[in-house]
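Structure assessment
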Amino acid sequence: MKPMTTRSPAETADVAEHLGRVAAPGTVVGLVGDLGAGKTLFVQGLARGLGVPADVRVVSPTFTLINEYGGGRLPLYHADLYRLERRDEVDDIGLDEVVRGDGVVAIEWADRFDVLGADALIVRLRTTGATERVIEVDATGPAARAVADAWADALAAAWIERA
Ligand code: ADP
Ligand code: MG
């Protein structure tokens, strides 16, 4: 997938929403980027695309918890490794079980520990201006690759429609 540039928070959420529409059971999304890059915002768009009801608050789980958002096409699990200091804390929150499961998993600060398994999407968000972000996507296995392809197609269709 080619890098994408977004020019507003809404555009980043929209990119993520399209991923939510095509995500499959077991899709794991690792989010990488500095503070304020848009990782949490991305998860909000992802939730919307999965059909999680709008009144469900999508915020980073505090401390060592994993948030679960229901009500959508698939359950969405949301973890944030920012405050974790050791791998055994990751074990404690049960993230590995969730990653092996059939929901959709979004993990902020996914580069802090080895948590994504062998087949995941890695979404890198880079701040390139006050309201500009560059989004780079890598798929590390066949399932993630299939989702990335469907996502790219959906985005291309949406952009053609808008143009
Ligand atoms: P993170 O979880 O990576 O720390 P957040 O999603 O919490 O980041 O915050 C991103 C912040 O950057 C929000 O305040 C959002 O409004 C702002 N922002 C500005 N432009 C963009 C953009 N193009 N994409 C994403 N966020 C943006
Ligand atoms: Mg965040």
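Attention in this report is confined to the structure presented alongside it. On a predicted model such as this, the values are computed, not experimentally measured, just so you know.

Some details on the coordination of the magnesium ion (ligand 2)
Of the protein atoms, only Thr40 (OG1) and Glu108 (OE) coordinate the magnesium ion (ligand 2), at distances of 2.1 to 2.2 Å. Residue threonine 40 is located in helix α2 (residues 39-50), and its partner glutamate 108 is located in strand β5 (residues 104-108); the two are separated by 68 residues in the primary sequence.

Structural notes on helix α5 (residues 142-162)
Along its 21 residues, α5 runs 30 Å from first to last C-alpha, staying within 8% of the 30 Å computed at 1.5 Å per residue. Burial in α5 covers these residues: Ala144, Val147, Ala148, Trp151, Leu155 and Ala158. Each buried residue of α5 sits inside an arc of 100 degrees when the element is viewed along its axis, so together they form one side. The outward face of α5, more than 90 degrees from its buried face, is lined by the exposed residues Pro142, Asp153, Ile160 and Glu161. For α5, the secondary structure elements touched by its buried residues are β1 (4-6), α1 (9-22), α2, β6 (121-129) and β7 (132-139).

Quick word on the packing of α1 against α5
At a minimum axis separation of 9 Å, α1 and α5 run at an interaxial angle of 130 degrees. Looking at the two axes, α1 sits oblique to α5. Both α1 and α5 take part in a crossing whose hand is right-handed. Where α1 abuts α5, its residues Asp14, Val15, His18, Leu19 and Val22 lie against Val147, Ala150, Trp151, Ala154, Leu155, Ala158, Trp159 and Arg162. The residue inventory of the contact of α1 with α5, partitioned by class, reads ten nonpolar, one polar and two charged.

Brief notes about the nonpolar core
Core analysis: the largest hydrophobic core is formed by 30 residues, its most contacted members being Leu19, Leu31, Phe42, Leu76, Leu121, Val123 and Trp151. Among the elements of the structure, α1, β2 (28-32), α2, β5, β6, β7 and α5 are those that each provide at least two residues to this core. If you look at the next biggest cluster of nonpolar residues, it comprises 20 residues, including Val32, Trp109, Leu116 and Ile122.

Observations regarding the pattern of salt bridges
According to the stated counting rule, one finds nine salt bridges in the structure shown. Between aspartate 91 and arginine 87 there is a salt bridge, with the nearest N and O atoms lying 2.7 Å from each other. One end of the pair is aspartate 91 and the other is arginine 87, both in helix α3 (residues 87-92) and four residues apart, which spans about a single turn. Glutamate 97 is paired through a salt bridge with arginine 100; the nearest N and O atoms lie 3.9 Å apart. Of this pair, glutamate 97 and arginine 100 both sit in helix α4 (residues 95-100), three residues apart, which is roughly one turn of that helix. By relative accessible area, which is 63% here, arginine 100 ends up exposed. One connected set of salt bridges, linked through shared partners, spans Glu17, Arg21 and Arg48.

The rules behind the values
The residue numbers shown here count from 1 along each chain, following its written sequence. All chains are assigned letters beginning at A, and all ligands numbers beginning at 1, according to the order in which they are written. Predicted model: local features are reported for residues with pLDDT of at least 70 only, side-chain atom pairs are reported and counted for 80 or more only, and whole-chain, interface and lining totals are derived from all residues. The basis for every side-chain value is the complete set of heavy atoms in the structure, and neither hydrogens nor water enter the calculation. Metal sites are built from N, O and S donor atoms within 2.8 Å, or 3.2 Å for Na, K and Ca, and they leave out water, so they may look incomplete. Per the convention used, a helix needs a DSSP run of H or I reaching at least four residues, while a strand needs a run of E reaching at least two, with both numbered from the N terminus. Working rule for helices: expected span equals 1.5 Å times residues minus one. Categorising residues by exposure relies on relative accessible area from a 1.4 Å probe, with only protein chains included: less than 20% of the type maximum marks a residue as buried, more than 50% marks it as exposed, and the intermediate range marks it as partly exposed. Here the arc refers to the directions that run from the helix axis out to each C-beta atom. Contacts were defined at the residue level, with two residues in contact if any of their heavy atoms lie within 4.5 Å. Note on geometry: axes are C-alpha line fits, over the in-contact stretch for helices, and angles between N-to-C directions span 0 to 180 degrees. Convention used here: angles under 35 degrees read as roughly parallel, angles over 145 as roughly antiparallel, angles from 65 to 115 as roughly perpendicular, and any remaining angle as oblique. Crossings are classed by handedness, with left-handed meaning an anticlockwise turn of the near helix from the far one by less than a right angle and right-handed meaning a clockwise turn. Lys, Arg, Asp and Glu make up the charged group, whereas Ala, Val, Leu, Ile, Met, Phe, Trp, Tyr, Cys and Pro make up the nonpolar group; the residues left over, Gly among them, are polar. What we call a nonpolar core is a set of buried Ala, Val, Leu, Ile, Met, Phe, Trp, Tyr and Cys residues that are connected through their side-chain atoms within 4.5 Å. We define a salt bridge as a contact between a side-chain nitrogen of Lys or Arg and a carboxyl oxygen of Asp or Glu at a distance within 4 Å.

These results come straight from atomic positions and should not be treated as a statement about function.
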